[in-house]
Amino acid sequence: MKTALLVIDVQRGLFAQTPAPFEADAVVDRINNLATCARQAGAPVVFIQHERATLAFQSEGWQLVDTLVVETGDVLIRKTTPDSFQRTELGETLADLGIERVVICGFASEFCVDTTTRRAAALGYEVTLAADAHTTQDKPHMDAATIRAHENATLPAIVSFGPAIRAIASADIVF
């Protein structure tokens, strides 16, 4: 099954916020490891960058985190909503590449990662959520570790879309 890695919103302006995203450095390391594995397997790596007033296109905050490894041949997609497919080239890009499965990681667990995971499954893609390679910040109602655990537990429970959603530790993901 042809697979692509989707790296969502690992941007300077989002990772520099206070409080910092949960396990930010470890998550970026895990994403870099996933990207290396994807490239070695010939799977495309797609970096998705969010835009809004505080993350203006090509601004300092819009840029990808410095420690994130981006290589020639990786795909860059711009988005303006939590859904990485809505009003973007992502769907067309994945179709052109013959992708049937996506591995999803990045920021923020309960917003863009959640929404893109649901949309990918609704569009017919099998989804692997890199369980330890997505993150968010602590919120007044819940800490970030619990939010991530919640997403890892609830997203795979959605079966109505048809394709499976699995939450798997990044070290166990095979491309």
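The structure under discussion appears in the preceding block.
Residues numbered from 1 in each chain as written. Predicted model: local features only at pLDDT ≥ 70, side-chain atom pairs only at ≥ 80, totals over all residues. Heavy atoms only, no water.

A short note on helix α5 (residues 144–154)
Alright, step 1. Every buried residue belonging to α5 is among Ala144, Ile147, Arg148, Glu151 and Asn152, and all of these are buried. Projected down its long axis, α5 shows its buried positions confined to an angular sector of 135°, all on one face.
Alright, step 2. Contacts from the buried residues of α5 go to α2 (24–40), α4 (109–122), β5 (126–135) and β6 (165–168).
Alright, step 3. Taking the backbone nitrogen of Ala145 as reference, a side-chain oxygen 3.1 Å away marks Asp143 as the first, capping residue of α5. (Buried < 20%, exposed > 50% of the residue type's maximum accessible area, 1.4 Å probe, protein only. Helix = DSSP H or I, 4+ residues; strand = E, 2+ residues; numbered from the N terminus. Arc of directions from axis to C-beta. Contact = heavy atoms within 4.5 Å. Polar contact = N/O pair within 3.5 Å; in protein donor to acceptor, adjacent residues only side chain to side chain.)

Looking at the pairing of β5
Alright, step 1. Summarising burial for β5: nine of the ten residues are buried, a large majority.
Alright, step 2. Relative to β5, strand β4 (residues 101–107) runs parallel, the two being bridged by six bridges. When the sheet's bridge partners are listed, Val103 is paired in β5 with Thr128.
Alright, step 3. In this fold, the crossover linking β4 to β5 by way of α4 has right-handed handedness.
Alright, step 4. Both β5 and β6 contribute to a ladder of four bridges, which runs parallel. Counterpart to Ala130 in the pairing with β6 is Ile168.
Alright, step 5. This β-α-β element, β5 to α5 to β6, shows right-handed connectivity. (Pairing = 2+ DSSP bridges. Right-handed = clockwise from strand over helix to strand, strands pointing away.)

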